[in-house]
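Summary of the model geometry
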Amino acid sequence: MVTEYELYVKYTRVWIPDPEEVWKPAEIIKDYKEGDPVLHLRLEDESTLAYPIGPKDNPLPFLRNPDILVGENDLTALSYLHEPAVLHNLKVRFLESNHIYTYCGIVLVAINPYEQLQIYGEEVINAYSGQNMGDMDPHIFAVAEEAYKQMGRDEKNQSIIVSGESGAGKTVSAKYAMRYFATVGGSANDTNVEEKVLASSPIMEAIGNAKTTRNDNSSRFGKYIQIGFDRRYHIIGANMRTYLLEKSRVVFQAEDERNYHIFYQLCASASLPEFKDLALTSAEDFTYTSLGENIFIEGVNDAEDLGKMREAFSLLGVKESHQMSIFKIIASILHLGNVDIVAERDGESCHISPDDPHLVHFCQLLGVELEQMEHWLCHRKLVTTSETYVKTMSRAQASNARDALAKHIYAYLFEWIVEHINKALHTSTKQHSFIGVLDIYGFETFEINSFEQFCINYANEKLQQQFNSHVFKLEQEEYMKEQIPWTLIDFYDNQPCIDLIEAKLGILDLLDEECKVPKGTDRNWAQKLYSKHLDSGHFEKPRMSNISFIVVHFADKVEYQCDGFLEKNRDTVYEEQINILKASKFQLVADLFQDGKDAQPVAPAGKSARINVRPAKPLPKSHNREHRKTVGHQFRNSLHLLMETLNATTPHYVRCIKPNDEKQAFMFDSRRAVQQLRACGVLETIRISAAGYPSRWTYLDFYSRYRVLMKKKDLNVGDKKQICRTLLESLVKDPDKFQFGKTKIFFRAGQVAYLEKLRADKFRFACIKIQKTVRGWLQRIRYRKIRKSVVTLQRYGRGYLARRYAEYLRFTKAALICQKQYRMVRVRRAYLIILQAVITIQAYTKGMFTRRLYQELLLDHKATIIQTAVRRWLKRKKFNRAHNAAVVIQCAYRCVLAKRKFKQLKIDARSAEHFKKLNVGMENKIVQLQRKMDEQSKDYKTQNEQLVIANSSLGTEVNKLQKELNTIRSRQGSNNQLTSLQEEVEKLSVELEEAHSQRKRLEEEHSSEKLGLEQRLEELLRENTMLKGEKEELNQRILQLSKSSEGQTGSVPQKLQAELDDERLRYQNLLKEFSRLEQRYDNLQEEVSYAKFHPGHRRVPSNQSSLGSDSNFPSITMSEVGDTEDTIQQVEDMGVEKAAMDLSVFMKLQKRVRELELERKKLQTSLDKMEELSSRKVNEPKSSTSEEETNADVAYNSLKRQELESENKKLKNDLNAVRKALADRASDSSSSNELQDSYNLLLSQLKAANEELDIRKEEVLILKTQIVSSTKPTENSNHISASDISECPNNNVPVDKEEALQAYQDLSESKNRKRDWGYVNEDGELGLACQGLKQVARLLESQLQSQSRKYKDELEALNTQIEVMKEDLEKKQDMLNHFSSLPPDALVEYSIQQEITRLTQENLDLKEIIEKLEKNDKKLKKQLRIYIKKVQELEASQAATQQASRSRPELTRQVTVQRKEKDFEGMFEYSKEDEALLIRMLITDIKPQAVSATVPCLPAYILFMCIRHADYINDDQKVHSLLTSSINAIKKVLKKHNNDFEMTSFWLANTSRLLHCLKQYSGDEAFMTQNTPKQNEHCLKNFDLAEYRQVLSDLSIQIYQQLVKIAEGMLQPMIVSAMLESGSLTGVKPMGYRNRSSSMDCESGGPGGYTLQSLIRQLGDFFGVMSDHGLDPEIGQQVVRQLFYCINAVTLNNLLLRKDICSWNTGMQLRYNVSQMEEWLRVRNLQQCGAVATIQPIIQAAQLLQVNKKTPQDVEAICSMCTVLTTQQIVKILNLYTGEYEERVTVSFIRDIQNHLQDRTEHNQLLVDTKHTYPVLFPYTPSALSLESLHIPASLNLHFLTRV
């Protein structure tokens, strides 16, 4: 058995008393034995202390808890339960971890941090909602959730009792508790009851809170707020009771204190126009607000607070007039305090000046008689049985009466405000249950304690009694539930102290009796107390005073001063002054002091705020009797009522602690804290717990913690309970030290510490054994290393000797080899010399003979070559002579033939028949032929002339040559042949020289030109090189600039994107708020309809449109848009960025741009029509010749310009091609001849092309001009008058360009002539040809237009195909890159996935084909049935016809009319009457499963095709009605299925698809880029549905938000269990920590059962449903990103609020879970959707849990790693972290982290906002589906729709 003394051994840590720190730690340095007088200790400063031990005076010091228990969130979980342990645990949590909340059993201890902490946001409320009290960190929200949960589970009312000193944070705690109830239990019908409950706080703080020396916002009254709930636990109303308002503060404040806030708020707002009548100035000018000498509070704006209070009044329904009346009454109190009472000389009377401005203002503000009030402020009435006296009062008495009146007015006004707040919070709905929040003053003790402190401490005595009994009751219930034997626990009972105060002849009774005595005094009352209660153990008399007494309370002794007790208990106010106020002309003032309320003359601290009925007549008797009730009597009654309420509810306790009196943030004063812990009952809770079994462990936790103490044979037993029993019975011999319950093991105080000691000893022994083993292992390793070294040295030594001997042997052998080799080399060298000489002689001899043979062969070869050349020259000369002769003969013969043909052609050309043939139908060749004829005639003449000249010259030359020839023949005779040959050779040589010279000249010319071109080319190349260099230099500069300004410019687009996202998020939040208000409106309408239901039928106006109510934005009309110039000016004034943020301006400009675009299109259409009309009217006769001339000139100029532009482009292209060819030729040419030939050829081609181009261009221009400017021939156009023909100046056609232009000008300048084609030609053939040509031109023009349109369409199709192929190529390239980057295993998996995807796609395609075939089959069967029916009808009609026509045997032939296959236009026609049926069948009653096997988004396509038909027939009413009905029907369906993910996803897909269809077929070019030509033909023709697109866009956003809300609601119960509690590491908790016992019984003790696989499966179901419904992939990705954000937020918030999971094991499990989710994203190709970025916080949190946390390098690593987590989150995780071996992160390490991260700019927020939503984007995704190919399945029952 363990004795007490065995624990006081060496190294044990203890607590010893200290006058400054209350308790300080020490360590035993020597074992203590029983009977030793001293205990040897070592303090923290390393000094030693001999602590004396005595059996009575100085018992053994308190033992310290193990380090693993320090910082526990529940004080009752400490092994040693005593005052120093509690104080130290609170101090560690408050200073080191900054945790202000700690559990102490059922009590929540809240320490005021004097700093605003970010732990009360809505995300924190969501994190605590639905959680067990023991699962999360201590928090006021956890207590509130526990009360809310027990109210629903136990069907019992709850109470939260918040108490503490002034300045401890009671009001704030109560406020946060009410905020939690308002958020979690929001009103069911959107009546904003929760907002009204919260709105009461600023009002009550203004009229009931004041600044004191301890608190800037101290509540000077107690209040109990009952929040009512219905059966569904929604807030339906509230009620407030107030207790003991400190009225004395109205007329008196101590130094550095203030009056109630409302007085200073009114003075600060005195400058407002509505407050001018109050005649207020600064608060320093009024007595009642300047007594404390400090009218300001640092950081508080009184004017702003007044505005908040007025807003709260308005929210609670207090009228503006009543508010002003309240402010008048409060201002009148300030003026009353400044009324100057002047004493008379006798000292027994006084008076007030009638001109006193403050008295005047007081009477005006309250509406009372000035003279009466002046009189009764200085006099009073004495009533006896016989007569009535009016007595004067002294100045002191009058001042006291004035102050009493001021307190009385304020108290009644306070009560009236509370009453009206209760009226506003009252509800007619039956209240099912309530939760009360009691915010009441804590135990108070000051240097001077008066009546108020006595009442406060009396109330705390009652509450402490209730608290003690409740704690005792819970302890006993716990023991009974666990079925363990227990004995009665002795706890402190303060009933004697309560009897001393409230029992018969107690302090309050004696006080009331003394108040009834006519001349009772405080001294007489004190003497009665001495004589009556001195023998009581809780009453004492001070030694040095006779007018004070001491009461021994549960917390401390308090000395009360008797002065003022009787006056405060009576609370006397004179009846005459009250009667004056009753006669006020202001109704509110008069109502305050009616008889029903006058029964309680003071602010009824104990009166509940109930509505009193004003009696018809006053009851004076009752009034006199009630008037005798004292303040103490009222307070006792109200306190009894409060205790009855609390006893009828389940209480929850919050004890607020004030850490220091200096109001410094996170500073802990141990003395002040201990004082409050003793006063608030926390230590009493500890004492009660310590008296029983304070330490409680579940069997699983005990087994996990202490299984190291078990033996191996015990672990083989399967039952863990039996193992725990066996272990405890073997370790703890005293059976009273522990008890075994059903689910827990209960330990006495200190036993857990003993077990921890045994466990530590076990670990120490294990460590020693490990150290011994490791050291032995190290020594063995060292021995083996030494032995190995010795062996190695020996081996190397022996090797060295062996190598020396081997070297000697090698040297000996080497010497012999060297000798042998040397001898061999000497002999071999002589032999090689002889051999070389012989070979040399042989070589020279062989060379001589070979050279001789070579010379002979060379001479023979040269002779052969000479013979070959001579023979070749002779043959070539003979061939050239024959060839030249043949050419001359051919030329002569061809010349003869050409002359003959030329003569024949001249004859034919002069004939008229030939001319006519050329002119028929060939008008476009007229000008050319005439021109060619003239040119040929000219050429012929010139050629004849040249021929005659040539013939004459040739004849003379021939004669001359003949004469010379004869003379030569006569001279030379036989030598003539040789001479002629010589002359011919000479001539040929001369000609050859001339040719050579000409060739050289041409080569020089071309070489100069070539040189110039080459120089130009080199210059261009240099310029190109220079430009490239400049380009590269500029690129480098740009890159440098971009790199240098990357930090600056990179943030700009990010900032703009962030602003865009913020704006989009703001808009979508407004949309969400609109949806909520719309839902609220619908609910209110339903309530009104239920309340005002009358049987019968009410007609709804047919023209009523629901678009205005259902759409999110009203229709934008031109009146709303306004003038465009004004809007543009507004944009310029606002600035572009601000205008972009202003939605109204943006919508105006957008609307105006659309209108201008439509107007531009209309003008373009009208212009095209006008041009077409003008082209038609060109052929009509015109009367004015000037207009004709102008039109002709314009036409010619336009045509000329067009032709010139086209020809210019063509010439440029040709010139570039020529230059390129020249450059290529110049670079590739090998001789100058090729360059010359190619250059001449190109020049000739270019010249010919230019000439031909000029001719063709001029002909086309003239012909087009004549066609454009001609008129349409009339019926008598063939009759041409002779005079008109005679006026023709010339019939000849112009033959060249200048003549053609001149002829055109003459033609256009002729006036007053009848224009006709006959004018151009004599016989009119040209006119006929022109008419035919016009028709041909029109036909060609139409064909050209159609060809151009076809070409454009084909070009667009090709471009689209190219883009598609590019995208496909990019995808394949990405896929290839992805393939190359994958490992082999992943590559196989990916290829399998791709194959599955391909097969799935093929399967879907085959399924589509099958569906089409089935539809076609059904259609054919239906037609077959129709045909069969028609055949039967036809046969019947034929039989009838035959019977009727038997008398007329005429044969009749049956003609079968076949229906032609119709081309559908992709529209559905329906009648107006079928619209409701269409909506019902297509929207209201449709099921997603019904269209799952058809085209995705089929309802959207059908609706749009119906809209198209309404647009096609130009029926705006039909379009408006169909769209409005569809939108309303979709909203109703979504409202009905507001929790159905599948239905919501289905309609999100269809709504977005309908929106895309309206865009795709809107006719807007921006949306038509990907359309096919057929889809462009299907565009809307008559209506612009841009406003409906906006409505549908807003509806899509609403559906998306509903979809995300449903998905998050389904995921949230699974997240914590799946992410943090499931997996292979589940159940392995950090050693040394246990969960706090929860209020919810959980027999299984495990998590909720959700695993990670179930979470991933649910995500897969969501994604699969969205994909099946055809939702755009981009929207699905955004949904996935939002869901991943929700998973991250919930997981991280729970991680930050749960100490049991902040461990290394959790980090490893969390990283594994995150990797599984990333794998899920990768499999579905969702890596780019941004979901991974949303879970970065939990990834970094998991890494933070796993990294080392000791060295400065670890600090750097953590700071660089945790870039997404905030500083507060990092510090929180480090504070909660428990390592694998129970080590915690040191405070210095956390401080280093904070110092490193202090420069971070981040939001100061601990938890992640779980309600945050990313702004959704709906990218435009056009459909490739052809509307004409869409078929409606028969299952939809839409047979009334007709395809068009």
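Residues numbered from 1 in each chain as written. Predicted model: local features only at pLDDT ≥ 70, side-chain atom pairs only at ≥ 80, totals over all residues. Heavy atoms only, no water.

Quick word on the overall build of the chain
For the chain, the helix and strand inventory stands at 59 helices and 26 strands. Here the chain, with 1844 residues, has 40% of them falling under the buried criterion. (Helix = DSSP H or I, 4+ residues; strand = E, 2+ residues; numbered from the N terminus. Buried < 20%, exposed > 50% of the residue type's maximum accessible area, 1.4 Å probe, protein only.)

Here's the deal with the packing of aromatic side chains
Following the criterion strictly, the structure yields 34 aromatic pairs and no others. With 5.8 Å between their ring centres and 15° between their planes, F539 and F549 make a pair best called stacked. Taken together, the positions of F539 in strand β18 (residues 539–540) and F549 in strand β19 (residues 548–552) put the pair 10 residues apart, joining distant regions of the chain. F549 carries the same exposure label as F539, and that label is buried. On the basis of an interplanar angle of 35° and a centroid distance of 5.5 Å, the ring pair of F549 and Y560 is categorised as tilted. In this pair, F549 sits in strand β19 while Y560 sits in strand β20 (residues 557–561), placing the two residues 11 residues apart along the sequence. Each residue in the set Y120, F141, Y148, Y176, Y180, F181 and F229 is aromatic and connected to the rest through ring pairs, giving one cluster. Taking NZ or CZ as reference, R258 lies 4.0 Å from the ring centre of Y264, over its face. Stacked on the ring of Y1814, the Lys or Arg R1681 has its end atom at 4.0 Å from the ring centre. (Phe/Tyr/Trp six-rings, centres within 6.5 Å; stacked < 30°, edge-to-face > 60°. Lys NZ or Arg CZ within 6 Å of the ring centre and 35° of its normal.)

Quick word on helix α54 (residues 1704–1723)
With 20 residues, α54 ought to run about 28 Å at 1.5 Å a step, and its terminal C-alpha atoms sit 29 Å apart, in line with that. Taken together, the buried positions of α54 are occupied by N1705, T1706, G1707, Q1709, L1710, N1713, V1714, M1717, W1720 and L1721. Tucked inside the fold, the buried residues of α54 contact α51 (1586–1621), α52 (1652–1668), α53 (1673–1697), α55 (1731–1734) and α56 (1736–1746). Positioned one or two residues after α54, N1725 has a phi angle of 55°, which is positive. (Expected span 1.5 Å × (residues − 1). Contact = heavy atoms within 4.5 Å.)

Focus: helix α14 (residues 451–481)
Here α14 contains 31 residues, and its C-alpha end-to-end distance of 45 Å stays within 8% of the 45 Å for a straight helix at 1.5 Å per residue. The buried fraction of α14 amounts to 25 of the 31 residues, a majority that puts the element mostly inside the structure. After α14 finishes, the residue Q483 shows a positive phi value of roughly 60°.

Here's the deal with the nonpolar core
Counting 325 residues, the largest nonpolar core has F181, F549 and M1619 as its most contacted members. It is α51 that contributes the most residues to this core, 18 residues altogether. In this structure, F181 is in contact with A144, A147, Y148, I160, G186, I227, F229, I235, I435 and V437, ignoring residues within four places of it in sequence. Counting 36 residues, the second largest nonpolar core, distinct from the first, contains I16, F702, M710 and A753. (Core = buried A, V, L, I, M, F, W, Y, C linked by side-chain atoms within 4.5 Å.)

Some remarks on the confidence of the model for the chain
When pLDDT is averaged along the chain, the result is 77; 75% of the residues meet or exceed 70. Here helix α36 (residues 1118–1121) stands out as the least confident element of the chain, with mean pLDDT 36; helix α7 (residues 261–268) is the most confident, with 93. Of the regions scoring below 50 in pLDDT, residues 1136–1146 engages in 15 contacts with residues more than four places distant in sequence or in other chains. In the predicted structure, residues 1228–1232 sits below a pLDDT of 50 and forms 3 contacts with residues beyond four places in sequence or in another chain. (pLDDT = per-residue confidence, 0-100.)

Re the sheet that holds strand β2 (residues 22–28)
In space, the 5 strands of this open sheet follow the order β4-β3-β2-β1-β5, with antiparallel pairing throughout. Among the strands making up the open sheet, the edge pair consists of β4 (48–52) and β5 (62–63). Strand direction decides the pairing type here: strand β1 (residues 13–18) and β5, joined by 2 bridges, are antiparallel. Each residue of the ladder has a partner; that of V14, found in β5, is L63. The strands that helix α1 (residues 83–95) touches are β1, β2 and β5; relative to β2, the one it contacts most, it runs at about 100°. (Pairing = 2+ DSSP bridges. Axes fitted to C-alpha atoms, helices over the stretch in contact; angles between N-to-C directions.)

Digging into the sheet that holds strand β17 (residues 433–439)
Pairing within the open sheet is mixed, and its 7 strands lie in the order β6-β7-β21-β8-β17-β11-β12. At either end of the open sheet lies a strand with only one pairing partner, and these are β6 (101–104) and β12 (235–243). Across the sheet, the mean angle from the axis of one strand to that of its neighbour is 20°, orientation sign disregarded. Bridge count between strand β11 (residues 222–229) and β17: 7 bridges; the pairing is antiparallel. Bridging across to β17, Q226 finds its partner in G436. Across the sheet, helix α3 (residues 140–154) lies against β6, β7 (107–111), β8 (158–164), β11, β17 and β21 (650–657), angled at about 170° from β21, the strand it touches most.

Things to note about the pairing of β2
For β2, the tally of buried residues reaches 5 of 7 residues, placing the bulk of the element in the interior. Examined bridge by bridge, β1 and β2 share 6 bridges and lie antiparallel to one another. Bridge pairing in β2 links D18 to V22. Hairpin connection from β1 to β2: 3 residues lie between these consecutive antiparallel strands. Across 3 bridges, β2 lies against strand β3 (residues 38–43) in antiparallel orientation.

Section: the side chain of T1810
With respect to the secondary-structure elements, T1810 resides in the loop between α59 (1787–1796) and β26 (1842–1843). On the accessibility criterion, T1810 (6% relative accessible area) is buried. Within the structure, T1810 has its side chain in polar contact with the side chain of N126 (distance 3.2 Å). Ignoring anything within four residues of it in the chain, the contact list for T1810 reads E123, N126, A1689, V1690 and N1693. (Polar contact = N/O pair within 3.5 Å; in protein donor to acceptor, adjacent residues only side chain to side chain.)

Concerning the pairing of β3
Side-chain positions along a regular strand alternate between the two faces of the sheet. By the alternation rule, side chains of β3 split into L39, L41 and L43, which are all buried, and V38, H40 and R42, of which none is buried. Count of turn residues in the β3/β4 antiparallel hairpin: 4 residues, of which E46 carries a positive phi of about 70°.

Side note on the environment of A424
Of note, A424 is situated in helix α13 (residues 395–425). Each C-alpha atom, one on A424 and one on A238, is 8.8 Å from the other, the two residues being 186 residues apart in sequence. Excluding its chain neighbours within four sequence positions, the residues that come into contact with A424 are K196 and L316.

Digging into the pattern of salt bridges
Applying the stated rule across the entire model yields 32 salt bridges. The residue E27 makes a salt bridge to R42 at a minimum N-O spacing of 3.5 Å. Here R42 lies in strand β3 and E27 lies in strand β2, a separation of 15 residues in the sequence. Among the residues examined, E27 registers a relative accessible area of 24% and is labelled partly exposed. Residue class for R42 comes out partly exposed when judged on its relative accessible area of 31%. For D137, the salt bridge is made with K1772, and the minimal N-O distance between the two is 3.1 Å. In this pair, D137 is assigned in the loop between α2 (122–128) and α3 and K1772 in helix α58 (residues 1767–1776), connecting sequence segments 1635 residues apart. (Salt bridge = Lys/Arg side-chain N within 4 Å of Asp/Glu carboxyl O.)

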